[in-house]
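# Descriptive structure summary
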Amino acid sequence: MKITDIRVGIVRIPLKTPFVTALRRVDMAEDLVVKVITDDGHTGWGNAPATVVITGDSHASVASAIKDTIGPQILGMDIDDREAILQRIQHSMVHNTSAKAALDIAVHDLFGQKYRLPLYRFFGGLRQRITSDLTISLGEPEQMVQDAQKAIQAGYTNLKLKVGVDAALDIRRVRAIRQAAGPHIAIRLDANQGWKPKEAVRTIRRMEDAGLNIESIEQPVAASDTEGLKFVTDHVDTPIMADESAFSPGDVFHLLAIRACDLINIKLMKAGGLGPASQIASMAQASGIDCMMGCMLESKIGITAAASLSAGNPAIAINDLDAADLMADDPIIGGISYDRNELILPQAPGLGITDVAGWQEWDYR
Ligand SMILES: [Mg+2]
């Protein structure tokens, strides 16, 4: 099974409601969808959404990295040389983690297809279903309460709230949602770098004193401020999770070495695919630190890949894989299916994806 062609297309998927965080507002999900084609007629699927404010990757930069730089380096390689292909993907250029992730996912898909192995089995096969939270967008407290109630009615038992724009308003938002949700719903927060270290400690302590029972708080401070992250972790009781500070295995090694956080949010688009993401999970496991599997606003291709690693790996204890549930439409045929707040892993080989409706080649030049 040799790689003979790599093709890039774009899929646009309308959202149920706009997605708002401390960093951006998005009305329509756009995902770059890659096909890696082999000489025996198999297609491996991969994807990369543009997240310029997070990874720095735009669709044009991802497409160019795949078509002009990384792609030519892996054309002609045999899928049985999986590790050699993955190394070449990672080492053919620096940064560009979304482009690397798209190709890495497609190569894993092809390996699973060749040996008729569902990817979650390849990664360990611990669970056939995993539970995801649902993210509530930033908004007025009343709107966020309404959205939270809707999510609970739909079967979600874990909510993730976006905060980090105004600390006083954040506390009002969380208090209102805790009152509406009752004591048994798990609430985790994501500040998306929105606070200064001391402001974060003050705000989190006020939430602790108010008995809001927050499960964890993601990325309270700026991505580059690892000392600030450690300061927050050391001065509050609530578990602190690194997200934008934790891209590569090297970043995570540093965070673990200085004990800067209690939890790591792994995302394929930050790590550069399933290979580096597995390394992060192993390092965290060895350090006694749990991971959450997260995602971008992306199609079910990346969600199925992320769910496959998470379902196989004991270090990944929680999941924030709700992107497909935020979308009004699903063009991906196959992959994971849903049962309320659970993702059910496909039993078909690889990602179990057979086609993408409306896929069209994209000429990015
Ligand atoms: Mg986050």
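Here the residue index of a chain counts from 1 through its sequence in written order. Reporting of local features is limited, given that this is a predicted model, to residues whose pLDDT is at least 70; pairs of side-chain atoms are given and counted only at 80 or more, and all residues count toward the totals for whole chains, interfaces and linings. Excluded from the side-chain calculation are hydrogens and water; included are all heavy atoms of the structure.

### Remarks on the packing of aromatic side chains
Counted only if it meets this: When the centres of two rings from Phe, Tyr and Trp lie within 6.5 Å, Trp using its six-membered ring, the rings pair. Their planes under 30 degrees apart give stacked, over 60 give edge-to-face, and anything left gives tilted. Buried residues are those whose accessible area, probed at 1.4 Å on protein chains only, stays under 20% of the maximum for their type, while exposed residues exceed 50% and partly exposed ones sit between those limits. For a lysine, the NZ atom is tested; for an arginine, the CZ atom; a charge sits over a ring if that atom is within 6 Å of the ring centre and within 35 degrees of the ring normal.
By the definition in use, this model includes four aromatic pairs. Ring centres of Phe111 and Tyr115 lie 5.1 Å apart, and the angle between their planes is 50°; on these two criteria the pair is classed as tilted. Taking the relative accessible area as the measure of exposure, Phe111 reaches 13% and is therefore buried. By relative accessible area, which is 43% here, Tyr115 ends up partly exposed. Ring geometry for Phe122 against Phe123: centres 4.9 Å apart, planes inclined by 85°, an arrangement best described as edge-to-face. Through pairs of rings, three or more aromatic residues link up here, namely Phe111, Tyr115, Phe122 and Phe123. Its end group placed over the ring of Trp359, Lys35 keeps NZ or CZ at 4.1 Å from the ring centre. The ring of Phe111 is capped by Arg82, whose NZ or CZ atom sits 4.4 Å from the centre of that ring.

### Quick word on the coordination of the magnesium ion
Definition in use: Metal coordination here is assigned from N, O and S atoms located within 2.8 Å of the ion, or within 3.2 Å for Na, K and Ca; omission of water means that sites may look incomplete. Labels follow the DSSP assignment, with helices taken as runs of H or I lasting at least four residues and strands as runs of E lasting at least two, numbered in each case from the N terminus.
Surrounding the magnesium ion are the protein donor atoms Asp190 (OD), Glu218 (OE) and Asp243 (OD), at 2.0 to 2.3 Å. Along the chain, the residues donating to the magnesium ion are arranged with the sequence spacing D-x27-E-x24-D. Here Glu218 lies in strand 8 (residues 214-218) and Asp190 lies in strand 7 (residues 186-190), a separation of 28 residues in the sequence. Judged by relative accessible area, Asp190 falls into the buried class, the value being 0%.

### A short note on the sheet that holds strand 4 (residues 129-131)
Heads up, the condition is: Strands are labelled as partners when DSSP assigns at least two bridges between them. The convention used is that axes are lines fitted to C-alpha atoms, helices contributing only their stretch in contact, and that angles between N-to-C directions extend from 0 to 180 degrees. For this analysis, residues touch if any pair of their heavy atoms sits within 4.5 Å.
If you walk across this open sheet you meet the three strands as 4-15-14, and the pairing is antiparallel. Either end of the sheet is taken by a strand with one partner, and the two such strands are strand 4 and strand 14 (337-339). When the angles between neighbouring strand axes are averaged without regard to direction, this sheet yields 30°. Note: strand 14 against strand 15 (residues 342-344), three bridges, orientation antiparallel. Paired with Asp339 across the bridge in strand 15 is Glu342. On the sheet, helix 12 (residues 300-312) packs against strand 4, strand 14 and strand 15 and is oriented at approximately 100° with respect to strand 4.

### Section: the packing of helix 1 (residues 59-74) against helix 2 (residues 82-91)
Rules: Note on angle classes: values under 35 degrees are labelled roughly parallel, values over 145 roughly antiparallel, values of 65 to 115 roughly perpendicular, and the remainder oblique. The sense of a crossing depends on the near helix, which, turned anticlockwise from the far helix by less than a right angle, makes the crossing left-handed and, turned clockwise, makes it right-handed. Ten residues, namely Ala, Val, Leu, Ile, Met, Phe, Trp, Tyr, Cys and Pro, are considered nonpolar, four, namely Asp, Glu, Lys and Arg, are considered charged, and the remaining ones, Gly among them, are considered polar.
Look at helix 1 against helix 2: their axes get within 9 Å of each other, and the N-to-C directions meet at 160°. Between helix 1 and helix 2, the angle is such that the two are roughly antiparallel. Pair helix 1 / helix 2 crosses with right-handed handedness. Contact residues: helix 1 offers Ile70, Gln73 and Ile74, while helix 2 offers Ile85, Arg88 and Ile89. Of the residues belonging to the contact of helix 1 with helix 2, the class tally is four nonpolar, one polar and one charged.

### Describing the pairing of strand 3 (residues 43-49)
With respect to burial, strand 3 is a largely interior element, six of its seven residues being buried. Two strands pair when backbone bridges link them, and strand 2 (residues 25-38) and strand 3 are joined in this way by seven bridges, in the antiparallel orientation. Bridge pairing in strand 3 links Val34 to Gly46. Here strand 2 hands over to strand 3 after four residues, with Gly41 in that stretch at a positive phi of 85°.

### Things to note about the domain arrangement of the chain
The condition is simple: The domain limits used here are those given by an automatic or database domain assignment. Note on terms: buried area is the combined drop in 1.4 Å-probe accessible area of two parts once they are placed together, counting the loss on both. By salt bridge we mean one thing: a side-chain nitrogen of Lys or Arg within 4 Å of a carboxyl oxygen of Asp or Glu.
Domain boundaries assigned for the chain yield domain 1 (3-116 + 355-361) and domain 2 (121-354). Buried surface at the junction of domain 1 and domain 2, both sides included, amounts to about 3,500 Å², of which 69% is carbon and sulfur. At the surface where domain 1 touches domain 2, the tally comes to one salt bridge. Between Asp325 and Lys16 there is a salt bridge, with its nearest N and O atoms 3.0 Å apart. At the level of secondary structure, the elements contributing two or more residues to the side of domain 1 that touches domain 2 comprise strand 1 (3-20), strand 2, strand 3, helix 2, helix 3 (97-114) and strand 16 (353-356). When residues in the side of domain 1 that touches domain 2 are grouped by element, the largest group, 11 residues, is from helix 3. Counted by class, the side of domain 1 that touches domain 2 contains 21 nonpolar, 11 polar and nine charged residues.

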